Amino acid sequence: MTEVRRPPAMRDVAHLAGVSHQTVSRVVNDHPNVRSETRERVLAAMRKLDYQPNAAARTLATNRSQTIGLVTFDTTLFGPSFMVHAIERAAREAGFFVSIASARELDVASVREAIRRLREQSVEGIVTLAPVAAAWTALGQVPLDVPIVAVGIDGDSHPEVPMVAVDNAAGAALATRHLIELGHPTVYHVAGPADWPEAREREAGWRAALEDAGRPVPAPLPGDWSAQSGHAAGLRLAADPSVTAVFCGNDQMAIGMLRALHEAGRTVPRDVSVVGFDDVPEAPYLQPPLTTVRQDFAELGRDSLNLLVTQISTGVRRTGQHRSAPSLVVRHSTKALAQ
């Protein structure tokens, strides 16, 4: 039988480094009152023994958990899942751990329960990625002394909750104006779910661009962010020969749209130009490569984490909306309308 060795303790580090237990504690807790050569000797002993500080003990000693909470939900959607990665990376670079609580449903009770679980873990602040209107009720009930940031949801109903998001309306307007400038008489739109503020903002940007250009505004087609819903909308639009341009609320729906148009014998972009939103990694490799609106998820992750850390360090909740500008990536799924 192989004997199981106990993990090294702080006293073992102190013995190897030739210092007191209190000195090791000061190094572990990054106390400034330790000479540099002593600090290096303690760190070398920690590495040699593979000593892992006890996070619970450190929290008790410093009243700091160095952990932020992240409320998310079960999804395979590119945007939310990539945001989790972006926030985790930004937190790691800032020296924070991340504890994730998934909301079972996108409703008030589930988001409230996820926030409660994170607060029980003594997180220093909370970022929420529950991007639906119902989440605001739960966020509005979080005490003002708890640092919190909402990502990707409209903050008009609860301005006391800081929000970080891409400017969805501006991105949709970029896509729509691009198609108008290519000579298309109007642009059809496949919208995301009505209870997602992002979907409503993108629809609003599309509508405003058409109205500003004096173009007809067709009724938007409903979607649910999935390629399947984009495919269903595409089959409907493909039956109308007057349709020459479509803006889809995300790239997954645009992928379904491309497939439906191909099945109906309508060539993209010769017969119909298509634009998506998000710039998923697969977009340049579709047939044809997809013109889309790019949002910088890494920037959103950094912005949300920086806003949260500022609240943690100052003890003041910084309210307001912080929006990043999207950009249009033109590829081969759009072209000028043949006259």
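Use the structure listed above.
Report follows, based on the coordinates. From a predicted model like this one, the values you see are computed outputs, not experimental measurements.

Before going further, it helps to examine the sheet that holds strand β12 (residues 327-329). With mixed pairing, six strands are arranged side by side in an open sheet as β7-β6-β8-β9-β10-β12. Two strands in the sheet have a free side with no partner beyond their single neighbour: β7 (221-222) and β12. In this structure, strand β10 (residues 291-294) lies alongside β12, joined through three bridges in antiparallel fashion. Directly across from arginine 294, in β12, lies its bridge partner serine 327.

A cis amide bond, omega 10°, links valine 268 with the succeeding residue proline 269. Tracing the backbone shows proline 269 in the loop between α11 (251-263) and β9 (273-278). For the bond running from glutamine 287 to proline 288, omega is 0°, close enough to zero to count as cis. One can find proline 288 in the loop between β9 and β10. In this model, tryptophan 225 sits at a positive phi of 80°, which is unusual for a non-glycine residue. Along the chain, tryptophan 225 falls in the loop between β7 and α10 (227-238). Unusually for a residue other than glycine, aspartate 279 sits at a positive phi of about 65°. Residue placement: aspartate 279 occurs in the loop between β9 and β10.

Calculation notes
Residues numbered from 1 in each chain as written. Predicted model: local features only at pLDDT ≥ 70, side-chain atom pairs only at ≥ 80, totals over all residues. Heavy atoms only, no water. Pairing = 2+ DSSP bridges. Helix = DSSP H or I, 4+ residues; strand = E, 2+ residues; numbered from the N terminus.

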